[in-house]
Amino acid sequence: MATSFSFSPSLSLNTLSRNTLFFTKTIPFSRSSFLPRSLSKSLISISTRRCTFTVRAQSQNGADAVATHYDFDLFTIGAGSGGVRAARFAANNGASVAICELPFSTVSSETTGGVGGTCVIRGCVPKKLLVYASKFAHEFEESNGFGWRYGSEPKHDWSSLIANKNAELQRLTGIYKNILNNAGVKLIEGHGKIIDSHTVDVNGKQYSAKHILVAVGGRPFIPDIPGKEYAIDSDIALDLPSKPGKIAIVGGGYIALEFAGIFNGLQSEVHVFIRQKKVLRGFDEEIRDFITEQMSLRGIEFHNEESPQAITKSADGTFSLKTNKGTVDGFSHIMFATGRRPNTKNLGLETAGVKLAKDGAIEVDEYSQTSVPSIWAVGDVTNRINLTPVALMEGGALVKTLFQDNPTKPDYRAVPSAVFSQPPIGQVGLTEEQAVQQYGDIDIFTANFRPLKATLSGLPDRAFMKLLVSAKTNQVVGLHMCGEDAPEIIQGFAIAIKAGLTKAEFDATVGVHPSAAEEFVTMRTPTRKIRKSQSSEGKSGSDVKAAAGV
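Residues numbered from 1 in each chain as written. Predicted model: local features only at pLDDT ≥ 70, side-chain atom pairs only at ≥ 80, totals over all residues. Heavy atoms only, no water.

A. Representation of the environment of G253 within the structure. Along the polypeptide, G253 turns up in the loop between β12 (246-250) and α7 (254-265). Considered as a pair, G253 and V279 are 26 residues apart in the sequence and their alpha carbons are 6.3 Å apart. (Helix = DSSP H or I, 4+ residues; strand = E, 2+ residues; numbered from the N terminus.)

B. Highlighting the nonpolar core. Ranked by size, the top nonpolar core spans 38 residues in total, and within it I249, F259, F263 and M335 carry the most contacts. Those residues in contact with F263, other than ones at most four positions away along the chain, are W158, A237, L240, P244, I247, I249, S268 and V270. (Core = buried A, V, L, I, M, F, W, Y, C linked by side-chain atoms within 4.5 Å. Buried < 20%, exposed > 50% of the residue type's maximum accessible area, 1.4 Å probe, protein only. Contact = heavy atoms within 4.5 Å.)

C. Representation of the sheet that holds strand β16 (residues 319-323) within the structure. Here we have three strands laid out as an open sheet, ordered β15-β16-β17, and antiparallel in their pairing. The two strands at the open ends of the sheet, each matched to only one other strand, are β15 (308-313) and β17 (326-331). Averaged over all adjacent pairs, the angle separating strand axes in this sheet is 20°, with direction ignored. Of the strand pairs in this sheet, β16 and β17 are connected by four bridges, and their pairing is antiparallel. What sits directly across from F319, in β17, is F331. (Pairing = 2+ DSSP bridges. Axes fitted to C-alpha atoms, helices over the stretch in contact; angles between N-to-C directions.)

D. View of the UniProt feature "binding site: NAD(+)" (unreviewed entry) in the protein chain. Within this structure's numbering, the places UniProt gives as "binding site: NAD(+)" (unreviewed entry) are G251, G252, G253, Y254, I255, A256, L257, E258 and G339. Over a stretch of 89 residues, the named residues converge on one spot in the fold, their C-alpha atoms separated by at most 13.4 Å. Within the element layout of this structure, G252 appears in the loop between β12 and α7. Not counting residues within four places of it along the chain, the set of residues in contact with G252 comprises I274, V279 and L280. Each residue touching E258, except ones within four places of it in the same chain, is listed here: K127, A418, V419, F420 and S421. (UniProt positions renumbered as here; feature names shortened; annotations may be inferred.)

E. Focus on the confidence of the model for the protein chain. Here the protein chain averages 88 in pLDDT, while 85% of its residues score no lower than 70. Contacts for the low-pLDDT stretch residues 535-550, under 50 throughout, to residues beyond four places or in other chains number 31 contacts. (pLDDT = per-residue confidence, 0-100.)

F. Quick peek at the pairing of strand β25 (residues 476-482). Counting buried residues in β25 gives seven out of seven residues, a clear majority hidden from the surface. Note that strand β22 (residues 425-429) and β25 share five bridges and pair antiparallel. From the neighbouring strand, G429 faces β25, where its bridge partner is G478. In terms of strand pairing, strand β24 (residues 463-470) meets β25 through six bridges, oriented antiparallel. Residue pairing in the sheet places V469 in a bridge with V476 of β25. Turn length for the β24-β25 hairpin, with the two strands adjacent in sequence and antiparallel, is five residues, and the turn residue N474 shows positive phi of about 70°.

G. Here's a closer look at the packing of aromatic side chains. Within this structure, the stated rule accounts for twelve aromatic pairs. Ring geometry for F493 and F506: centres 5.8 Å apart, planes at 25°, overall stacked. One end of the pair, F493, is in helix α13 (residues 486-498); the other, F506, is in helix α14 (residues 503-507), with 13 residues separating them in the sequence. Using a relative accessible area of 16% as the deciding quantity, one classes F493 as buried. In this structure, R341 packs its charged tip against the face of F221, placed 3.5 Å from the ring centre. Between K503 and the ring centre of F445, over which it is positioned, the NZ or CZ distance is 4.4 Å. (Phe/Tyr/Trp six-rings, centres within 6.5 Å; stacked < 30°, edge-to-face > 60°. Lys NZ or Arg CZ within 6 Å of the ring centre and 35° of its normal.)

Laid out in structure tokens, this is it:
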């Protein structure tokens, strides 16, 4: 009879009371093993490649149940960013891994998806490609001040853009499939549904797994109002057969602003309807004001504090949007960018005992473990920080926890993010409001200036930059920018914020001239200071600087 011993895969997760397993089978001698290194040589017979688990569940009367053989060490449902990362890394650590995903489509549904997930197929990548396309109109206008002349007005071919975009998505999907194949991950096409804590059904065939990972992401949400069948979401907006003539975008988040910039740049008439007073709830207040001003100057019309109530279709085929303040007519398209919801329907989660939040998100602990010890979840389906790089981080941390004997929590400190609006936004760390709440005494440095490029283009483009510094420790706790190349600039400064650098260390850094980025290391005088004893002191106007670097 094989040697057996008590062990919980969540030993360091304080879940011993939830789960006690007995391992009695061959496991590879590698970091993928859960076994303590001191026991690995004496209790394990070494395998050369992969591990096969046989688990005996402890019954209430102390007797061992019938041993169960698992087809895979890890079965992942969803081949988006987080799922692919976890599956690939687990396989590289010697685990046997399978992953299932729905057939490819540019528009997601109950029956379609695609390897690569939202980011690659209907999110970050295609959106950024359309952002590039839309920026040319502004650049053509800028070029006049630099001596460029055109014999005729440039024209845009929407169908060519969409065809080229879709060809690139197909190429990227193929790359993701190759990545999985090269790692030894078995890719199964179809809808995955959890049958129990160790079983997944895909198109009628069942697979058993030691661990199940749910990484199915989220899907766009359109509120239930009369005429909602006439609305489009972000999936459809990326794959329209023709460019909108006049479009209403309902929503004030980053997706709404990004699409507003896209269609505005491609010469559509754009109206943005938001329920609140300002766009980008949760962002720094000065950034919220600045981006609204800049986008308005480019011709986008904002309708603040207007909630959609109904959509109607006219005889001429155009649409009208009724809000609490009135009705706007003549839209060729009405797009809702009112948020995304975790894609947890029809997965069998409730039957398996997995707890869900009110919004449908899977509830997980700090290690991405659900209420069922053998089921885990990462990415947007958990509704923590819904960003592709965060899903990648969570997937990587999970593999360390499960297959490297190194329980690891995802690190959500100083996660940078960007809004690919026009102009774009980059941020890392705390907003001013958060900094005041957390630290009390804050020094605020801002720069609001006309970039060098705008001095010849003649356009009203400006850039805004902001540093938040703890007055007690001199640590830079927040950094924000709205202006050209903001996402690229923020990525570099995110390292400094993550490392906890001080304002003195920023000041000691030599700037790159002439650049907008150098402003972050040349701000010397606080725009204002906030102290617990008073709301602010030393308040001054906007720090307007010439582009010559004075």
